[in-house]
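# Analysis of the macromolecular model
For reference, the chains in residue letters:
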Amino acid sequence: MKAKKVIALVMCAAMVAGMSASSVMAADMPEQFKDLKANEAYDFPMMVKSFQSTYWDAAQEGMKKAADELGVTYKAQGPNSESDIADQVNMLNNAINKNPDGIALAACDQNSVLDSLQSALDKKIPVVCFDSGVPDAPEGSVYATVVTDNEQAGGIAAEHIYEAIKDRIGNGQVRVGEVNQDATSANISERGMGFINKFIELAKADGKTVAVVGNDFYVNQVKDNGDQASADVVLEVAVPAQTTVELCSTEAQAILSQENCIAIFGSNQTAAEGVLAANANLNVLGSDAGAGDVIGVGFDAGSIIKAAVQDGTFIGAVTQSPLMMGYYAIYALTAAANGAELEDVPTAGYWYDSTNMDDEDISPNLYD
């Protein structure tokens, strides 16, 4: 079965801790999952990218809630880090060889799993992708994708950074940094390009020019890239050799150390924590652009990022809902195992800052 694309975003943030299943269904449950019951006591392997960040702990909370509601079981597994692509592929292949009722996959590298997905298709094992899609998956192998609208989410970060720094653009060349933990996973690359494209759009609307430099993967996707020598803004994109906070910090420090740097974006929890680690050495981030502070924006949550938002080191961040991704992935797998035809479930990104972190539609997404 080929997944159909849902046009509207699922506004899933209303699910708060302790809310009953019936309340979730009434408020935000996609129509395809309402009144869903498991035909059998299914068991699903859930392939996460790693257990490196608390993001995946939050996703497992959602899995557990859905599994309890539906009477199914699951086992979350993943490599040590999101750079351990071969390890994840081996885990995926081992799971496929056991002929499970279905598999959820958050692919570290969207191209590394294509052969595995073909094997799952040949064995008629339903696969649901979550957190990251696999755009080139064999036809019919992926039954549905549960994923943040990453272009939209990256665009939110660009809008807030641009609003904070726009008055500093035009009086000599300035630099804006973007640290992406990789250039291989669909969610990170889409989010990174969402930021870049929205920033360029906003700058052009104000008559400013932007040149994107740095990592070739991102630079090569930019349409009508500006001239670095004459651009009002140089948007520098950095990708570490491996997806660790330490290496993201090294990349961030190289950008923040440049005198004309006025803003930086860390596009997931690992990258954002890397930006903050770099700032611990440089102490340049703050919330007053007019006073010369470098404006920082993060992505995802975790105690380190939330503390930086609360104290003004970051002006804010964009959060996903990993809890609901895990939750809907279990629902989608159960429906697929029942034999249902599925639609994709895109979820929204949300801006948070020190003024709205405790709001009931934001706080459930701000995992520790």
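Structure: see above.
This text gives an overview of the structure that appears in the document. Fair warning: this is a prediction, and the values are worked out from it, not measured in the lab. (Residues numbered from 1 in each chain as written. Predicted model: local features only at pLDDT ≥ 70, side-chain atom pairs only at ≥ 80, totals over all residues. Heavy atoms only, no water.)

Below, the discussion takes up helix H4 (residues 114–122). Inspection of H4 places Ser116, Leu117 and Ala120 among the buried residues, and these make up the whole buried set. Buried residues of H4, viewed axially, fall in a sector of 100 degrees; they line one side. Along H4, the residues that are exposed and aim more than 90 degrees away from the buried face are Asp115 and Asp122. Taken together, the buried residues of H4 touch helix H3 (85–97), strand E3 (103–105), strand E4 (127–130) and strand E5 (142–148). (Buried < 20%, exposed > 50% of the residue type's maximum accessible area, 1.4 Å probe, protein only. Helix = DSSP H or I, 4+ residues; strand = E, 2+ residues; numbered from the N terminus. Arc of directions from axis to C-beta. Contact = heavy atoms within 4.5 Å.)

Attention shifts here to the sheet that holds strand E2 (residues 73–77). The strands that make up a sheet are held in pairs by hydrogen bonds between backbone atoms, and each pair lies either parallel or antiparallel. What the 6 strands build is an open sheet, ordered E2-E1-E3-E4-E5-E12; its pairing is parallel. Strands at the two margins of the open sheet, each flanked by one partner only, are E2 and strand E12 (345–347). Taken over all neighbouring pairs, the strand axes of this sheet differ in orientation by 15 degrees on average, direction set aside. Relative to E2, strand E1 (residues 43–47) runs parallel, the two sharing 5 bridges. Bridge pairing in E2 links methionine 47 to glutamine 77. (Pairing = 2+ DSSP bridges. Axes fitted to C-alpha atoms, helices over the stretch in contact; angles between N-to-C directions.)

Inspection of every chain in the model, using the stated rule, returns 1 cavity of 30 Å³ or more. In this model, the largest cavity occupies a volume close to 110 Å³. Along its surface, the largest cavity is lined by 15 residues, and Tyr55, Trp56, Glu82, Asn268 and Asp300 are the ones closest to its centre. At the level of secondary structure, the elements contributing two or more residues to the lining of the largest cavity comprise helix H2 (55–70), helix H6 (186–205) and helix H9 (269–282). Among the elements that line the lining of the largest cavity, the one with the most residues is H6, at 3 residues. Partitioning the lining of the largest cavity into residue classes produces 3 nonpolar, 7 polar and 5 charged. (1 Å grid on protein atoms, 1.4 Å probe; cavity = no way out; pocket = protein on both sides within 12 Å on 5 of 7 lines; lining within 4 Å. Points joined across faces, edges and corners; volume = space filled by probe spheres on them. Nonpolar A, V, L, I, M, F, W, Y, C, P; charged D, E, K, R; others polar.)

This part is about the sheet that holds strand E6 (residues 174–179). Strand order in the open sheet made by the 7 strands is E7-E8-E6-E9-E10-E11-E13, with mixed pairing throughout. Where the open sheet ends on each side, the last strands, each with one partner, are strand E7 (210–214) and strand E13 (350–352). Within the sheet, the average angular offset between the axes of one strand and its neighbour, ignoring direction, is 20 degrees. Bridge count between E6 and strand E9 (residues 261–266): 5 bridges; the pairing is parallel. Following the sheet pairing, glycine 177 is matched in E9 by isoleucine 264. Packed onto the sheet, helix H5 (residues 150–165) meets E6, E9, strand E10 (295–299), strand E11 (316–319) and E13 and runs at close to 160 degrees relative to E9.

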